[in-house]
Amino acid sequence: MNGPEWSTSPFGELPLEIIDGDRSANYPKRSEFVSEGVPFLNSTNILEGHFDATDLDFISEEKTASIKKGRAKPGDIVMTTRGSIGKVAVFPSSFPLGIINAQMLIIRSDPEQLDQRYLFHVMRGPEFQGRMKSFASGSAQPQIPIRDLKHVPVLLPPLPTQQRIAAILSAYDDLIETNTRRIAILEEMARRLYEEWFVHFRFPGHEEVEFDGDLPKGWSVKTLNDIASVNPEAIKPKTAPERINYIDIASVSPGRINSVQELAFADAPGRARRKVTDGDVIWSCVRPNRRSHALVLEPAEDTVASTGFAVLRAKEVPFSFLLASVTTDAFVDYLTNHATGAAYPAVKQSDFEASEFILPERRLIEAFDRTVEPMLRYVHKLDQKNANLRAQRDLLLPKLVSGEIDVSGAEAELEAAE
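Just so it is clear, the model here is predicted, and its values are computed rather than measured. (Residues numbered from 1 in each chain as written. Predicted model: local features only at pLDDT ≥ 70, side-chain atom pairs only at ≥ 80, totals over all residues. Heavy atoms only, no water.)

Q: Any chance you could explain the packing of helix α2 (residues 116-124) against helix α3 (residues 126-134) here in plain terms?
A: Angle between the axes and distance between the axes: these two values describe a pair of packed helices. α3 packs onto α2 with a crossing angle of 60° between their chain directions and a minimal axis gap of 4 Å. The orientation of α2 relative to α3 falls into the category oblique. Packed against α2, whose contacting residues are V122, M123 and R124, the element α3 presents P126, F128 and Q129 at the interface. (Axes fitted to C-alpha atoms, helices over the stretch in contact; angles between N-to-C directions. Helix = DSSP H or I, 4+ residues; strand = E, 2+ residues; numbered from the N terminus. Parallel < 35°, antiparallel > 145°, perpendicular 65-115°, else oblique. Contact = heavy atoms within 4.5 Å.)

Q: Help me understand the packing of aromatic side chains in this model?
A: How two aromatic rings sit relative to each other is set out by the distance from centre to centre and by the angle between their planes. Under the counting rule described, the total for this entry stands at 21 aromatic pairs. Relative to F368, the ring of F321 lies with its centre 6.3 Å away and its plane at 90°, an arrangement referred to as edge-to-face. Taken as a pair, F321 in helix α7 (residues 319-325) and F368 in helix α10 (residues 362-401) lie far apart in primary sequence, 47 residues in all. Taking relative accessible area as the criterion, F321 reaches 1% and is therefore assigned buried. In this structure F368 comes out as buried when scored by relative accessible area, which is 0%. A network of ring pairs unites the aromatic residues Y194, W197, F198, F201, F203, F211, W219, F321 and F368 as a single cluster. (Phe/Tyr/Trp six-rings, centres within 6.5 Å; stacked < 30°, edge-to-face > 60°. Buried < 20%, exposed > 50% of the residue type's maximum accessible area, 1.4 Å probe, protein only.)

Q: Can you walk me through the sheet that holds strand β6 (residues 77-80) in this structure?
A: Pairing between sheet strands relies on hydrogen bonds along the backbone, with the strands arranged either parallel or antiparallel. The four strands are arranged β2-β9-β6-β7 in an open sheet whose pairing can be described as antiparallel. Lying at the two open borders of the sheet, with one neighbouring strand each, are β2 (16-20) and β7 (88-90). Ignoring strand direction, the axes of neighbouring strands in this sheet form an average angle of 25°. As judged from the three bridges shared by β6 and β7, these two strands associate in the antiparallel manner. Opposite I77, over in β7, you have V90 as the bridge partner. (Pairing = 2+ DSSP bridges.)

Q: Any chance you could explain the pattern of salt bridges here in plain terms?
A: Think of it this way: side chains of opposite charge can pair up when their charged atoms draw near. Within this structure, the stated rule accounts for 27 salt bridges. With its nearest N and O atoms 2.9 Å apart, the salt bridge here joins K69 to D20. Linking K69 in the loop between α1 (61-66) and β5 (71-72) with D20 in strand β2, this pair joins segments that are 49 residues apart in sequence. Residue D20 is classed as buried on the basis of its relative accessible area, which comes to 19%. Residues joined in a network through salt bridges with shared partners are R124, D173, R393 and D394. (Salt bridge = Lys/Arg side-chain N within 4 Å of Asp/Glu carboxyl O.)

Q: Explanation requested: the side chain of T64 in the structure shown.
A: Relative to the helices and strands, T64 resides in helix α1. Assessed through its relative accessible area of 3%, T64 is described here as buried. One polar contact links the side chain of T64 to the main-chain carbonyl oxygen of S60, over a distance of 2.8 Å. Residue contacts for T64: discarding those within four places in its chain leaves V38, I59, R71, L97 and I99. (Polar contact = N/O pair within 3.5 Å; in protein donor to acceptor, adjacent residues only side chain to side chain.)

Q: Help me understand α3, please; the structure alone is not making it clear to me.
A: The periodicity of an α-helix, 3.6 residues per turn, causes residues three or four places apart in sequence to face the same way. When we look at burial in α3, the residues that qualify are F128, Q129 and M132. Buried residues along α3 cover an arc of 95° about the axis, so they all sit on one side. In this structure, α3 carries P126, E127 and S134 as exposed residues pointing more than 90 degrees from its buried face. (Arc of directions from axis to C-beta.)

Q: Explain the environment of D333 here, please?
A: Summarising the element assignment, D333 is placed in helix α8 (residues 329-338). Considering only alpha carbons, one finds D333 and N289, 44 residues apart in sequence, at a separation of 7.4 Å.

Q: Which parts of the structure should I look at to understand the sheet that holds strand β4 (residues 57-59)?
A: With mixed pairing, the four strands of this open sheet are ordered in space as β4-β3-β8-β5. Among the strands making up the open sheet, the edge pair consists of β4 and β5. In this structure, strand β3 (residues 38-41) lies alongside β4, joined through three bridges in antiparallel fashion. Its bridge partner being in β4, F40 is matched across the sheet by D57.

Q: Looking at this structure, how should I read unusual backbone geometry?
A: The bulk of non-glycine residues show a negative phi, and the bulk of peptide bonds are trans. The phi torsion at F201 lies on the positive side, around 60°, for a residue other than glycine. Tracing the backbone through its elements, the reader meets F201 in the loop between α5 (159-199) and β11 (211-212). Even without glycine at this site, N231 takes up a positive phi of about 55°. Relative to the helices and strands, N231 resides in the loop between β14 (228-230) and β15 (243-247).

Below is the structure:
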């Protein structure tokens, strides 16, 4: 509960700096981006609570020198102020400097009075987000001006309590990050094994194998339709279950199902039709260059994907081999080249079915599966663990920063989670 030393202050009266981006003519043009240099941040680099460098743009040192405002340092909080307003992330220590665009802010606290990590967790919390967005103006492109941001109230405990709260919430983030790194390593190992054996032909015993043309003897070229079924099952409205677990296009990112909606079938979109089961691979038919795909493992009963996906179900190969085959750069290039439509380029079921693959000998496929399937299952367990950690953290966050629960109790919960 709140102690007598807790206080509430408007954001603009806290011991911090609010730094906006440069709106002058020095703002870099697309033609001025370079392959490496100083990061130039935009809203796509700021996800919900973390920094994403996947599509990071860079500008030269010379261009950086011409920009006088909006210089982010490691540890600074970066927040979006236009469009998807209120997304916050901490600028990482992997870059000594970054430049924000004109639709973002940098928040930098005085560490002697206000813990930066505590402030970050407050800003990502529902209370702050709700108050801030109530000040937003504009419908098509909502924005939050600095003058309005300064009015958002913030609950402020003594500095030692701020530090304890920040340590608890950051520990959850650290556990999630550790699991995420383990996931990335396992997925990279699986990808490299596939490339080593089935692309570069350096599989066990390759020294003894003769080639028939471009392929080892006993290998063949097959279509996807030969080794998998595309969209094998669909729900019919007359026989549909009362409730479904729905995977929509927006909930899938490269390699991940980020959320599944449980809803009544009567309330589900008309696109909720493709049935999925353990081992299915779902691939977004729209804009395949974005690589929105995922492996479905241990789905809840009556899990259904949008018809915007192609559901690939292995029939002549294990799902581990199928997944590796349909996530290569060559396969993505194939889909991208076959996509039609200007605004929303998309591929059809027949495009998936006609795609060609090299099919190795059965013994090699089975050896690959013995190694890779357990890795994929473990990745799934780590994903589930991260989902649980996020849920625990997100439940704790508003209660801690509002003083609703005692910090000591939360520290005990963290030890149990670890």
